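Listed here are the chains, written in short residue letters.
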Amino acid sequence: MKKILQIFSIIALFASCNKNETILQSAVDQANKLCPMTVDEITTLEYVKYYPGDTILTYDYVINEEKCPITLISANLETLGETMKSNLNSPATKILTDACSNAGVLIKFSYRGDQSKESCAVVYDPKTGKTEYEPIE
């Protein structure tokens, strides 16, 4: 979790300089220099994606399905979403969350199985505080 906060903090640092999309993209580029990043024994952050004009900032994770099937992640998206929401509202990431809120940008955490290639996601709207879930279909 500490590594995730490092990525959030880098993006927040750049986003705090100027709220335009160019700065947000620059922050994402800097975060991607640290990727891929092993978060824990089952999770690797592959990349962070945002392009000027986009309405979604995406964190793309790959799950080691030998240790945890992606279906288990999908079945627990609500718990995962609450954890991510709590992390995004911490003092270390508030600048990022505020920048996304002001720009109308959603924050998406996408999880993909390394073997099955199935995916699921948590999408957080920092403006409303609402979280949506995209389970495996």
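Please refer to the structure placed before this passage.
Residues numbered from 1 in each chain as written. Predicted model: local features only at pLDDT ≥ 70, side-chain atom pairs only at ≥ 80, totals over all residues. Heavy atoms only, no water.

Caption draft 1: Molecular detail of unusual backbone geometry. Cis geometry is found at the peptide bond from C35 to P36, where omega equals 0 degrees. Note on placement: P36 falls in the loop between helix 2 (21-32) and strand 1 (37-38). The backbone phi angle of K117 is positive, close to 65 degrees, even though this residue is not glycine. Of note, K117 is situated in the loop between strand 4 (106-113) and strand 5 (119-124). (Helix = DSSP H or I, 4+ residues; strand = E, 2+ residues; numbered from the N terminus.)

Caption draft 2: Broad picture of the environment of C120. Relative to the elements of secondary structure, C120 occurs in strand 5. Residue classification places C120 among the buried positions, given a relative accessible area of 2%. Remark: the alpha-carbon pair of C120 and P135, spanning 15 residues in sequence, is separated by 4.8 Å. If we ignore the near neighbours within four places in the chain, the residues touching C120 are I70, I73, S74, L77, F109, S110, Y111, E134, P135 and I136. (Buried < 20%, exposed > 50% of the residue type's maximum accessible area, 1.4 Å probe, protein only. Contact = heavy atoms within 4.5 Å.)

Caption draft 3: The nonpolar core, seen in detail. One finds L45, L57, Y59, Y61, I73, F109 and Y111 to be the most contacted residues of the largest nonpolar core, which totals 29 residues. Looking at this core, the elements that each hand over two or more residues are helix 2, strand 2 (43-49), strand 3 (56-63), helix 3 (70-75), helix 4 (77-88), helix 5 (94-103), strand 4 and strand 5. Per-element accounting of this core gives the leading share, 4 residues, to strand 3. (Core = buried A, V, L, I, M, F, W, Y, C linked by side-chain atoms within 4.5 Å.)

Caption draft 4: How the structure looks around the pattern of salt bridges. Taken as a whole and assessed by the stated rule, the structure comprises 2 salt bridges. In this structure, the salt-bridge partner of R112 is D60, at a minimum N-O distance of 3.2 Å. Here D60 lies in strand 3 and R112 lies in strand 4, a separation of 52 residues in the sequence. The partly exposed category is assigned to R112, whose relative accessible area is 25%. (Salt bridge = Lys/Arg side-chain N within 4 Å of Asp/Glu carboxyl O.)

Caption draft 5: Layout of the sheet that holds strand 2. Strand order in the open sheet formed by 6 strands is 1-2-3-4-5-6, with mixed pairing between adjacent strands. Strands at the two margins of the open sheet, each flanked by one partner only, are strand 1 and strand 6 (131-134). Relative to strand 5, strand 4 runs antiparallel, the two sharing 6 bridges. Its bridge partner being in strand 5, Y111 is matched across the sheet by C120. (Pairing = 2+ DSSP bridges.)

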